[in-house]
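# A closer look at the structure
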Amino acid sequence: MSDTTVTTRPGTTEVGLPVPAAPPARVHGPVTRTDFVRYQGASGDMNPIHHDEVFARAAGFPSPFSVGMWQASLLGTYATDWLGGRNVRDFRIRFLAQVWPGDTLTLEGVPLRTYVIEGADGREGRVDVELTCRRQTGDTAVTAWATFVLPEAAPDAATPGTGERPETTEEQG
């Protein structure tokens, strides 16, 4: 493998670095209005279009639908379980389709490129990934792009997202 393939901007060099394998697709659902309301309560976004049948129908929708940020949060959790929460450097999202009660969502991610950032603190390996949340219809509900510092070592039977092996006792083996 070539060490340097492209210089993309000053202080950034695109290189082939090892990336922990993407986790298997994660399936969530069928989703419920309760899922929507729980997210609304946690986020403080209590727009009735996401939980009130009469309000949603009056606005021209067949039923309440999900807050798009809920799907984005599912993708964020999927990605941080893979590459570690402390390694996030950027997260961008695009909302593409509504999610309805009864939908089943599939979350997936793929690495796009690896590179090295040279800064005051030294060199830091990074990976850009693309994440998708698809409905059972095949429609993409949300696409996200994230940048992570590459973990020092792949988790390899470690605690997901931390790169650290869990403590064991003699009974556990």
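Remember, predicted model here, so these are calculated numbers, not experimental data. (Residues numbered from 1 in each chain as written. Predicted model: local features only at pLDDT ≥ 70, side-chain atom pairs only at ≥ 80, totals over all residues. Heavy atoms only, no water.)

### Points about the side chain of Thr132
What counts is decided by this rule: Elements are defined by DSSP. Helices are runs of H or I of four residues or more, strands are runs of E of two residues or more, and each kind is numbered from the N terminus. Three labels apply to residues, based on accessible area from a 1.4 Å probe with only protein chains included: buried if under 20% of the type maximum, exposed if over 50%, partly exposed otherwise in between. Contacts described as polar in this section are N or O atom pairs within 3.5 Å, which, within protein, must combine one atom able to donate a hydrogen with one able to accept it, while residues neighboring in sequence count only if both atoms come from side chains. Residue contacts are counted whenever heavy atoms from the two residues lie within 4.5 Å of one another.
Note on placement: Thr132 falls in strand β6 (residues 122-135). Residue Thr132 is classed as buried on the basis of its relative accessible area, which comes to 9%. Within the local environment of Thr132, its side chain forms a polar contact with the side chain of Arg134, the two groups lying 2.8 Å apart. Residues in contact with Thr132, not counting those within four places in the same chain, are Leu75, Thr106, Leu107, Glu108, Val142 and Thr143.

### Topic: unusual backbone geometry
The peptide bond linking Gly29 to Pro30 adopts the cis configuration, its omega dihedral lying at 10°. Assignment of secondary structure puts Pro30 in the loop between β3 (26-28) and α1 (33-43).

### As for the pattern of salt bridges
For clarity, the threshold we go by: In the sections that follow, a salt bridge refers to a side-chain nitrogen of Lys or Arg positioned within 4 Å of a carboxyl oxygen of Asp or Glu.
Inspection of every chain in the model, using the stated rule, returns ten salt bridges. Between Arg57 and Glu53 there is a salt bridge, with its nearest N and O atoms 2.7 Å apart. Taken together, the positions of Arg57 and Glu53, both in helix α2 (residues 53-58) and four residues apart, correspond to about one turn of that helix. Among the residues examined, Arg57 registers a relative accessible area of 51% and is labelled exposed. Under the relative-accessibility criterion, Glu53 is labelled partly exposed at 23%.

### Some remarks on α1
Using the following cut-off: Within this analysis, the arc is defined by the directions that extend from the helix axis to the C-beta atoms.
When we look at burial in α1, the residues that qualify are Asp35, Phe36, Tyr39 and Gln40. For α1, the angular spread of the buried residues around the axis is 135°, confining them to a single face. Opposite its buried face, α1 presents the exposed residues Thr34, Arg38, Gly41 and Ala42, each directed more than 90 degrees away. If you follow the buried residues of α1, they end up packed against α3 (68-83). Among the residues trailing α1, Gly44 stands out with phi positive, at a value near 85°.

### Remarks on the environment of Gln136
Following the sequence through the fold, Gln136 ends up in the loop between β6 and β7 (140-149). The spatial distance from the C-alpha of Gln136 to the C-alpha of Thr104 is 5.4 Å, given a sequence separation of 32 residues. Leave out the neighbours within four places in its chain, and Gln136 touches Asp103 and Thr104. At 2.9 Å, the side chain of Gln136 and the side chain of Asp103 are in polar contact. Looking at Gln136, its side chain comes within polar contact range of the main-chain nitrogen of Thr104, at 2.8 Å.

### Observations regarding the confidence of the model for the protein chain
As a reminder, the rule being used: Each residue gets a pLDDT score, which is the predictor's confidence in that residue and runs from 0 to 100.
Taken over all residues, the pLDDT of the protein chain has a mean of 83, while the share at 70 or more is 79%. No element of the protein chain has a lower mean pLDDT than strand β1 (residues 6-9), which averages 49, and none a higher one than β3, which averages 97. Low pLDDT (under 50) marks residues 1-7, which in the prediction has 15 contacts with non-local residues, meaning those over four places away or in another chain. The model gives residues 153-173 a pLDDT under 50, and that stretch makes 23 contacts with residues more than four places away or in other chains.

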